[in-house]
Amino acid sequence: QNIYTWQNDVNVGSDLIQLVAERKVATATATTGALNLSQTTNSFASAYQLKRGSHLGNASIRNDSISGYGPQTTGNLAYGYFFTKQLRANINYGTGFKAPSLYDMFYPVYGNPTLKPEKSKNSEVGLNYETRQYDLRLAAYSNSIANLIQYSSTSPPCTTTQINTAPNYGCATNVASAKITGLSVGGATRFGNISIRGSFDQQNPIDQSTGYVLAKRARQFGNIGTEYKNTRLTAGAEGTFQANRNNFDNTGYMGGYAIYNLYGNYQITKDWSLFGRWNNIFNKDYQLSYGYATPGSNVFVGMRYAMK
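Source: prediction; values computed, not measured.

Observations concerning the overall build of the chain
Thinking step 1. The secondary structure content of the chain amounts to 2 helices and 17 strands.
Thinking step 2. For the chain, the C-alpha atoms occupy an extent of roughly 60 × 45 × 45 Å along the three principal directions.
Thinking step 3. Counting all 308 residues of the chain, 31% fall into the buried class.
Thinking step 4. Long-range contacts, defined here as pairs at least 24 residues apart, represent 49% of the contacts in the chain between residues at least 6 apart.
Thinking step 5. Counting every atom, the chain has about 18,300 Å² of accessible surface; 57% of that belongs to carbon and sulfur.

See the structure below:
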């Protein structure tokens, strides 16, 4: 996959105009057989951000011309209002389009070339309270998705549409109508060189055609973290958790889990830094997708050079 992007930001007084052009070319070939495909996406987008006293506004529009799907236009509108310097309310509405990837359509023992593209409508209202020491956030959201792409082990349609070279265990399919509603709360506090943050989501991800919870999506999830930072050293700990999730076709479920990580970065010189990360420090055994293993405890250490 090759991506070429041009972006230009233009300041107009206190406002901002953003222009973006992008070309993405994805290619798939097979080591056996005659599969040799490419998918090209040419995209153009623009956004306008403004601030007038207590009012904030953002409007954006995007057009994607995707091989096999023609031009698709999506957009977003957002408005925010400051009741005080610290308290802000916001409301957002946007639309989305997602074409099936070559992986979704043609990967062996999974791909489904008859997939339909996803289309979505997303809305959110929220309150934000921000000071130099505290941040608090409360948001309610509702996302409606037509033809959501996800794995299914049902048969049919998998036996008739799957790119199948082995026993059939399922394939990528469309959920005709899905809806995800939820409430998100989060916050952060800072004192001296230390910051603490956390968030929690309670959501209801439903397949509206069956009434079941969508596969692999938890009703509850969240994260916590703390970080120490001075002129040279950044060090932190973070945790993330997910509640129980349904199996692919609601025939079982994957248990919830909590994972904790440590990370750090030390600035040796202006351009050179030493960094490290220890993921899953308690070696938690968990699954993101039923029947597929995930890494245990693992450590990364490296040097980074960034010209400044």
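What about the layout of surface pockets?
Thinking step 1. Approximately 340 Å³ is the volume attributed to the largest pocket.
Thinking step 2. What lines the largest pocket is a set of 19 residues, and nearest its centre among them are Gln-1, Lys-24, Gln-39, Thr-41 and Ala-99.
Thinking step 3. Mapped by element, the contributors of at least two residues to the lining of the largest pocket are strand 2 (15-29), strand 3 (36-52), strand 4 (55-66), strand 6 (87-98) and helix 1 (102-106).
Thinking step 4. Residue composition of the lining of the largest pocket, grouped by class: 7 nonpolar, 6 polar and 6 charged.

Looking at unusual backbone geometry
Thinking step 1. Positive phi outside glycine occurs at Asn-147, with the angle close to 65°.
Thinking step 2. Structurally, Asn-147 can be placed in strand 8 (residues 134-152).
Thinking step 3. Even without being a glycine, Lys-216 presents a positive backbone phi close to 65°.
Thinking step 4. Structurally, Lys-216 is set in the loop between strand 10 (194-207) and strand 11 (220-229).

Side note on the pairing of strand 4
Thinking step 1. Of the pairings in the sheet, the one linking strand 3 to strand 4 comprises 12 bridges and is antiparallel in character. Of the residues in strand 4, the one forming a bridge with Leu-50 is Gly-57.
Thinking step 2. Linking two consecutive strands that pair antiparallel, namely strand 3 and strand 4, is a turn of 2 residues; a positive phi of about 60° is found at Gly-53 within it.
Thinking step 3. Two strands pair when backbone bridges link them, and strand 4 and strand 5 (residues 70-82) are joined in this way by 12 bridges, in the antiparallel orientation.

Quick word on the side chain of Ser-273
Thinking step 1. Position of Ser-273 relative to the elements: it lies in strand 16 (residues 272-279).
Thinking step 2. Residue classification places Ser-273 among the buried positions, given a relative accessible area of 5%.
Thinking step 3. Not counting residues up to four positions away in its chain, the partners in contact with Ser-273 are Asn-265, Tyr-266, Gln-267, Ile-268, Gly-302, Met-303 and Arg-304.

Notes on the nonpolar core
Thinking step 1. Counting residues in hydrophobic clusters, the biggest one holds 7 residues: Tyr-141, Ile-145, Leu-148, Val-175, Ala-178, Ile-180 and Leu-214.
Thinking step 2. Looking at this core, the elements with two or more residues in it are strand 8 and strand 9 (171-191).
Thinking step 3. Residues in contact with Ala-178, not counting those within four places in the same chain, are Asn-143, Ser-144, Ile-145, Leu-148, Ile-206, Gln-208 and Leu-214.
Thinking step 4. If you look at the next biggest cluster of nonpolar residues, it comprises 5 residues, including Tyr-110, Leu-115, Ile-149 and Ala-172.

Cut-off values and rules
- Residues numbered from 1 in each chain as written.
- Predicted model: local features only at pLDDT ≥ 70, side-chain atom pairs only at ≥ 80, totals over all residues.
- Heavy atoms only, no water.
- Helix = DSSP H or I, 4+ residues; strand = E, 2+ residues; numbered from the N terminus.
- Buried < 20%, exposed > 50% of the residue type's maximum accessible area, 1.4 Å probe, protein only.
- Contact = heavy atoms within 4.5 Å.
- Areas by Shrake-Rupley, 256 points an atom, 1.4 Å probe, with all protein chains shown as cover.
- 1 Å grid on protein atoms, 1.4 Å probe; cavity = no way out; pocket = protein on both sides within 12 Å on 5 of 7 lines; lining within 4 Å.
- Points joined across faces, edges and corners; volume = space filled by probe spheres on them.
- Nonpolar A, V, L, I, M, F, W, Y, C, P; charged D, E, K, R; others polar.
- Pairing = 2+ DSSP bridges.
- Core = buried A, V, L, I, M, F, W, Y, C linked by side-chain atoms within 4.5 Å.

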